[in-house]
Amino acid sequence: MRPPDGAVPGDAVDGPAALTARRPELDALRLAVVLGLVLFHAALVFDASDPDFYVKNETTTEVTTILAGLAVVWAMPALFAVSGWAARRSLSRRSPGGFVRERLLRLGVPLLVATVLLLPFPVWVRERTREGSDLSYAELYRRFFDVRLEPAEAPFVVQGEHFESGHLWFVVLLLAWSLLLALAAAVLARVAPRVVAPGGLDRVGRAAGRRGAVLLPATATAALCVPGLEQEYAGWPRWAYLGFFLGGVVLGGDERLRVALRRDAALAAVTGGVLFTGGLVAFLAADAAASDAFTAMDATGVTFRVLFGAAGWLFVVAILGGLDRWALRRASSRTSEATGRGTEVYAYLLAAGMPLYVLHQPVVVGVAALVVPWRAPIVVELAVVVVASAAVLLVVYDLGVRRWRLTRWAFGMRG
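Residues numbered from 1 in each chain as written. Predicted model: local features only at pLDDT ≥ 70, side-chain atom pairs only at ≥ 80, totals over all residues. Heavy atoms only, no water.

**Quick look at the nonpolar core**
Rules: Buried Ala, Val, Leu, Ile, Met, Phe, Trp, Tyr and Cys residues form a nonpolar core when they are joined through side-chain atoms within 4.5 Å. Buried, partly exposed and exposed residues are distinguished by accessible area as a fraction of the type maximum, computed with a 1.4 Å probe on protein chains only: under 20%, between the cut-offs, and over 50%, respectively. The contact rule is simple, with two residues in contact once any of their heavy atoms fall within 4.5 Å.
By size, the foremost hydrophobic cluster in this structure holds 110 residues, and its most contacted members are Met-76, Phe-80, Trp-169, Phe-170, Tyr-241 and Leu-320. When sequence neighbours within four positions are dropped, the list of residues in contact with Tyr-241 reads Met-76, Pro-77, Phe-80, Trp-169, Leu-173, Trp-177, Tyr-233, Ala-234 and Trp-236.

**Focus: the pattern of salt bridges**
As a reminder of what qualifies: One speaks of a salt bridge when a side-chain nitrogen belonging to Lys or Arg is within 4 Å of a carboxyl oxygen belonging to Asp or Glu. Secondary structure elements are taken from DSSP: a helix is a run of H or I of four residues or more, a strand is a run of E of two residues or more, and numbering for both begins at the N terminus.
Enumeration over the complete set of coordinates arrives at 15 salt bridges. In this structure, Asp-324 engages Arg-262 in a salt bridge whose closest nitrogen and oxygen atoms are separated by 2.9 Å. Of this pair, Asp-324 sits in helix 13 (residues 299-332) while Arg-262 sits in helix 12 (residues 255-288); the two residues are 62 residues apart in sequence, bridging distant segments of the chain. In terms of burial, Asp-324 and Arg-262 fall into one category: buried. Put simply, Asp-398 and Arg-402 hold a salt bridge, and the shortest N to O gap is 3.0 Å. One salt-bridge network, in which partners are shared between bridges, spans Glu-102, Arg-103 and Arg-106.

**Section: the packing of helix 3 (residues 75-93) against helix 4 (residues 96-117)**
Here is the rule we go by: To define axes, lines are fitted to C-alpha atoms, for helices over the stretch in contact only, and angles between the resulting N-to-C directions are given on a 0 to 180 degree scale. Each angle gets one of four labels, with under 35 degrees taken as roughly parallel, over 145 as roughly antiparallel, 65 to 115 as roughly perpendicular, and the rest as oblique. A clockwise turn of the near helix away from the far one marks a right-handed crossing, whereas an anticlockwise turn of less than a right angle marks a left-handed crossing. Each residue gets one label: Ala, Val, Leu, Ile, Met, Phe, Trp, Tyr, Cys and Pro are nonpolar, Asp, Glu, Lys and Arg are charged, and the others, such as Gly, are polar.
The interhelical angle for the contact between helix 3 and helix 4, taken along N-to-C directions, is 130 degrees, at an axis separation of 8 Å. Here helix 3 is positioned oblique relative to helix 4, judged by the angle of their axes. By crossing handedness, the relation of helix 3 to helix 4 is classed as right-handed. The segment helix 3 lies against helix 4, with Ala-87, Ser-90 and Leu-91 engaging Pro-96, Phe-99 and Glu-102. When grouped by side-chain class, the residues that make up the contact of helix 3 with helix 4 number four nonpolar, one polar and one charged.

**Let's talk about helix 12**
Rules: The span you would expect from a helix comes to 1.5 Å times its residue count less one. Working definition for bend: take the seven residues up to and ending at a residue and the seven starting at it, fit an axis to each, and measure the angle between the axes.
Look at helix 12: 46 Å from first C-alpha to last across 34 residues, which is about the 50 Å you get at 1.5 Å a residue. At Asp-264, helix 12 shows its largest bend, some 55 degrees. A positive backbone phi angle near 60 degrees is found at Ala-290, which sits one or two residues after helix 12.

**Some details on the side chain of Arg-262**
Defined as follows: Distance and chemistry together define a polar contact, namely a pair of N or O atoms within 3.5 Å, with one atom able to donate a hydrogen and the other to accept it when in protein, and with adjacent residues in sequence counting only for side-chain atoms on both sides.
Residue classification places Arg-262 among the buried residues on the basis of a relative accessible area of 17%. Side chain to side chain, Arg-262 and Asp-324 meet in a polar contact 2.9 Å long. Excluding residues that lie within four positions of it along the chain, Arg-262 makes contacts with Glu-255, Gly-321, Asp-324, Arg-325 and Leu-328.

**Digging into the packing of aromatic side chains**
Rule in force here: Stacked, edge-to-face and tilted labels apply to pairs of Phe, Tyr and Trp rings (six-membered ring for Trp) whose centres lie within 6.5 Å, assigned for plane angles under 30 degrees, over 60, and everything in between, in that order.
A complete count under the given rule lists 24 aromatic pairs for this structure. Measuring from ring centre to ring centre gives 4.5 Å for Trp-236 and Phe-308, while their planes differ by 40 degrees; the resulting arrangement is tilted. Of this pair, Trp-236 sits in the loop between helix 10 (218-225) and helix 11 (238-251) while Phe-308 sits in helix 13, and the two are 72 residues apart along the sequence. Phe-308 shares its class with Trp-236; the two are buried. Where Phe-294 meets Phe-304, the ring centres are 6.2 Å apart and the plane angle is 20 degrees; that geometry is what we call stacked. Here the residue Phe-294 occupies a position in the loop between helix 12 and helix 13, and Phe-304 occupies one in helix 13, the gap between them amounting to 10 residues.

Right, dumping it as structure tokens:
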């Protein structure tokens, strides 16, 4: 049976008309990012640059900061771009209203369930292990939902002293961007049918025929980073993710853009690498001057953010185009689909994407809270946190989510 389409971890990426072929390389990219988040959040326990994580080891290191920087510049942007790519195809199959209903079920329901059942736990662990509080879980739970509305923080309009969206900020943003996309599609269908009809992106498709054209949105992502980066959203400003999402929507609308991605992947990789290296130099210079490169409006901070923002889009282009080239070569060289145990495991994990994303951070925080008192070497503790968290996640998913219709629905799975 063909995996469902959509735009969240665990969905398969398909498309209409000439783009209906499966895109297994994008499925694999999304799964790799989701699984990598277990390692990423486990590493934050030992990271010297993030003092606010829920659990903190007594000994920290700058090594995790450097490794995290290599990941944050492309990982979540790529996830939003692939989500936009898939949302474009999902909209081609259903009305804007149908798309909204599907997004509310696949994103809104897990967000609500996790907010009620999971998100208070990491906050309570932080209160107990880092703040030295003897606050009971019941009392923290009550305070967690002492909230107010702050429209200026859109789309994170629900705010509170203890309330937070935690790792589900991705789901909040993706749901918000999806609803905006549905609204735009509904309006455009009425006032400018040619824009959303087949061939409506013809001008964009022709423009992409020029070498390097798909690299130009890097200027937009760079500009969106100038006001400042938001560390709580994996180092990117929330509105930059809208840029990546919309970029994926446009890229998913025309086969010529897919060709352009393949053609310019190497150029994007080289250019992105140069800009990222320059940004790293600026970041280190700001750090040496005791300046906050994420927010400072001095020349060094702005330079870092501009180079970082541009490199992010270029790396997304390089990854999407490079993976597509690899997938096409692989498809042309094989005569049948791979079979065997490895394929079964991959399909199992692919279906688990959304539940694993929703569950992973509370599990990592709980495991880390038990491990850091050991005062073992960082490498040992990190390995234990990663392996134990992965094992707990798989057990909880397999026994508590996958087998039951209600829990499958609650965690965004189909069927």
